[in-house]
Amino acid sequence: MAGSQGDLNLVIGLGVSFELGRYHATAWGAHVNEATVEWPPSPWRLLRALHSASFTDVRLADDRETLTRALTALATASPPSFELPPVESGHTRHFMPLPGYSPTKQGETSLVVDAFHALEPGAEVRAWWDAELDGEALAALARAACSVGYLGRSESVCSVRVLEAPATLQPDAIPAAEVEGDDEWASAERIDLLAVAEDVEEPLAVLGTSVTEMRRERMLAPSGTRTVAYAVRYQQPNPAPPRRVAVSRPTIALLRVAGSARPALTDAVTVGHLLRSALQQRYDVERRGQRSPVLSGHDANGPRSDQHAHAHFLSLPDADRWRVDRLVVWAPEGLGPGEVAAVVRLSELRMRDAPEPFRVALAALGRADELVVSGLLGPATTWQSVTPLALTRHPQRRRGRIVDGPEDQVRRELELRSIGPVESVELMRGDWMRFARTRPGVSRREASRVVGVGLRFAEPVRGPIALGGLSHFGLGLFEPEA
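Residues numbered from 1 in each chain as written. Predicted model: local features only at pLDDT ≥ 70, side-chain atom pairs only at ≥ 80, totals over all residues. Heavy atoms only, no water.

Enquirer: Account for helix α2 (residues 64–76), naming residues and giving values.
Expert: Across its 13 residues, α2 extends 18 Å between first and last C-alpha, which sits within 8% of the 18 Å expected from 1.5 Å per residue. Taken together, the buried positions of α2 are T66, L67, A70, L71, A73, L74 and A75. (Helix = DSSP H or I, 4+ residues; strand = E, 2+ residues; numbered from the N terminus. Expected span 1.5 Å × (residues − 1). Buried < 20%, exposed > 50% of the residue type's maximum accessible area, 1.4 Å probe, protein only.)

Here you go:
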């Protein structure tokens, strides 16, 4: 192949890239459900796309005569050679409704297989013709190439451009007649591609053949075309190295509470204890007694000391702020498949001495930074107690001033949990002593002092916020101020 001579270009190249990384095209003579993809694109398909663009793009109206000359030269030239990128085959299946289809009627659908080749982003199919085009015809061809929006079926969104002749060409597909007896091509696959027939009087009329007319005449191929045997050497994609995909675990499971036996919000600690026990039991049964460190807060060495990364079992009030309306399992470290399965299987909880259980059902599952849960997540600059905060230490008076008071303990916990910076911590009035302050089975003598707290931050903070003693069982829960 020559490069150029005078003002004539002797090697004409077209490059086709597929923006969606897929090429859909059924080979001539094949049924769509055979899942046969025409690869490389036949010369007839490439030239037909350019011919169609020359008539459908009004911007090319002034180039019509020049384009006719350029496309005629390519259609009557020897079939092109191809450079092919690596591809992988795939398909999808579609069940299309027939005229008699009804949602109440079984069947009445037709299976359609959509086969395609997948290419790497930026990969380009290149076709090279030995043909003579002057500069004007080549420029018109380049403008027509820019107007081609797809090749094959409409899903094959593409961009086409005219290429400069390379110094050397190493084709992957070439007319088989040109390599007969060549040992390098002996193992290449032979396929038939459609091209314009030799010595046809009007090659562009062949490119403009109506498919409707073909069906009417029961033709398998357009009149004026021929099949050209190609030798094709397919490039195999380089196997991608195995990747370890980081799985983002959910941190919040939200459960809706229903039934006439819904517990009072003041029993939040008892409800949290029941919820933890029920989930741990379901987890243990599935794993033959193995405890969940996320749900239990214990590992092989005993209680965990990881700054509250394990699960919290929280209660959210209804509109009257009297009964529990929703339950939250919040684990900052994430809920694993076993913990999620336990939550999914939970359907009811029973309070001691209650006449009947109350029903629960999973309503939402996701990460705290993705979900929208009213009264729990914010973000907000002002937060206030939903359930009282249990102090973990006794305030002391030293030299006439309170040391380690409620405000000091709250600030310390916010700092340990990296929440803030906080501008103000204020105690709130309320009947906080009505709330249960110990877990079931623990003497009330061990109950902690509780307080209501209001928080104001320098900038919006996202929840959940649960602080103080028994914060893993429902105490110390804050809500964003409306």
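Enquirer: Pulling in residues and values, what's your account of the sheet that holds strand β17 (residues 348–349)?
Expert: Where strands meet in a sheet, backbone hydrogen bonds hold them as pairs that are either parallel or antiparallel. Read from one edge to the other, the open sheet built from 5 strands follows the order β15-β16-β12-β18-β17, with strand pairing classed as antiparallel. Of all strands in the sheet, those bounded by a partner on one side alone are β15 (312–317) and β17. In this sheet, strand β16 (residues 324–330) lies alongside strand β12 (residues 252–258) in antiparallel orientation, the contact comprising 5 bridges. Bridge pairing in β16 places L255 opposite L327. (Pairing = 2+ DSSP bridges.)

Enquirer: Which residues make up the packing of aromatic side chains, and what values go with them?
Expert: The relation between two aromatic rings is expressed through the spacing of the ring centres and the mutual angle of the planes. Counting across every chain of the model gives 5 aromatic pairs. Ring geometry for Y23 against W39: centres 5.5 Å apart, planes inclined by 55°, an arrangement best described as tilted. Of the two residues, Y23 sits in strand β3 (residues 22–23) while W39 sits in the loop between β3 and α1 (43–56), which places them 16 residues apart along the sequence. According to the relative accessible area criterion, Y23 is buried, its value standing at 0%. Take W39: its relative accessible area is 3%, and that puts it in the buried class. Ring geometry for W432 versus F435: centroids 6.2 Å apart, planes at 35°, classification tilted. Here F435 falls in the buried class, since its relative accessible area comes to 6%. Ring pairing ties together the aromatic residues F18, Y23 and W39, which thus form one cluster. Between R22 and the ring centre of F116, over which it is positioned, the NZ or CZ distance is 3.9 Å. Cation over ring: R233 sits above W185, and NZ or CZ is 3.7 Å from the ring centre. (Phe/Tyr/Trp six-rings, centres within 6.5 Å; stacked < 30°, edge-to-face > 60°. Lys NZ or Arg CZ within 6 Å of the ring centre and 35° of its normal.)

Enquirer: Any chance you could break down a nonpolar patch on the surface for me, citing the residues and the numbers?
Expert: Together, V344, L362 and L365 make up an exposed nonpolar region whose accessible area comes to about 240 Å². Counting through the fold element by element, V344 comes out in helix α8 (residues 337–345). (Patch = residues over 30% accessible without salt bridge, like charges linked within 9 Å, V, L, I, M, F, W, Y side chains within 5 Å. Areas by Shrake-Rupley, 256 points an atom, 1.4 Å probe, with all protein chains shown as cover. Salt bridge = Lys/Arg side-chain N within 4 Å of Asp/Glu carboxyl O.)

Enquirer: Before we move on, can you summarise the side chain of H273 with the specific residues and values?
Expert: Secondary-structure assignment places H273 in helix α6 (residues 268–286). Reaching out from H273, the side chain makes a polar contact with the side chain of R439 at a distance of 3.4 Å. For H273, the residues in contact, after removing those within four places along its chain, are R439, P440 and F473. (Polar contact = N/O pair within 3.5 Å; in protein donor to acceptor, adjacent residues only side chain to side chain. Contact = heavy atoms within 4.5 Å.)

Enquirer: Can you tell me about the nonpolar core, naming the residues and giving the values?
Expert: Ranked by size, the top nonpolar core spans 54 residues in total, and within it L50 and W129 carry the most contacts. In terms of nonpolar packing, the next biggest core, distinct from the first, is built from 48 residues, A278, L335, V343 and L349 among them. (Core = buried A, V, L, I, M, F, W, Y, C linked by side-chain atoms within 4.5 Å.)

Enquirer: Could you give an account of unusual backbone geometry, naming the residues involved and the relevant values?
Expert: Between W39 and P40 the backbone carries a cis peptide bond, its omega angle lying at 0°. With respect to the element layout, P40 can be found in the loop between β3 and α1. The linkage connecting G378 with the following residue, P379, adopts the cis geometry, with an omega of 5°. Within the chain, A35 stands out as a residue other than glycine whose phi angle is a positive 55°. Positionally, A35 belongs in the loop between β3 and α1. Look at L470: it is not a glycine, yet its phi comes out positive at around 60°. Structurally, L470 is set in the loop between β24 (450–461) and β25 (478–480).

Enquirer: Tell me what's going on with the packing of α1 against α2, and back it up with residues and numbers.
Expert: In the contact formed by α1 and α2, the axes pass within 11 Å of each other and the chain directions differ by 170°. Looking at the two axes, α1 sits roughly antiparallel to α2. Across the interface between the two elements, L47, L50, H51, S54 and F55 from α1 touch R64, L67, L71, L74 and A75 from α2. Classifying every residue of the contact of α1 with α2 by side-chain character gives 7 nonpolar, 2 polar and 1 charged. (Axes fitted to C-alpha atoms, helices over the stretch in contact; angles between N-to-C directions. Parallel < 35°, antiparallel > 145°, perpendicular 65-115°, else oblique. Nonpolar A, V, L, I, M, F, W, Y, C, P; charged D, E, K, R; others polar.)

Enquirer: Help me get a handle on the pairing of strand β6 (residues 109–119), residues and values and all.
Expert: Within a regular strand, the side chains alternate between the two sheet faces. Note that β3 and β6 share 2 bridges and pair antiparallel. Considered in β6, the bridge of R22 is made with A118.

Enquirer: Please give an account of the pattern of salt bridges that cites residues and values.
Expert: Applying the stated criterion to the full structure yields 18 salt bridges. R262 serves as the salt-bridge partner of D325, at 3.9 Å between the closest nitrogen and oxygen. One end of the pair, D325, is in strand β16; the other, R262, is in the loop between β12 and α6, and 63 residues separate them in sequence. By relative accessible area, which is 17% here, D325 ends up buried. Residue R262 is classed as partly exposed on the basis of its relative accessible area of 21%.

Enquirer: Any chance you could break down α1 for me, citing the residues and the numbers?
Expert: Between its first and last C-alpha, α1 extends 20 Å over 14 residues, near the 20 Å set by a 1.5 Å rise per residue. Here α1 lies mainly inside the structure; 10 of its 14 residues are buried. Looking only at α1, the buried set comprises P43, W44, R45, L46, L47, A49, L50, H51, A53 and S54.

Enquirer: So, the environment of F313: which residues are in play, and what are the values?
Expert: Mapped onto the elements, F313 comes out in strand β15. Dropping the residues within four chain positions of it, F313 is found in contact with G272, L275, R276, L279, L295, V328, V329, H472, F473 and G474.

Enquirer: Describe the pairing of β12, and please don't skip the residues or the numbers.
Expert: Extensive coverage of β12 is indicated by the burial of 5 of its 7 residues. When β12 meets strand β18 (residues 358–366), the two strands line up antiparallel, connected through 7 bridges. Considered in β18, the bridge of A253 is made with L365.

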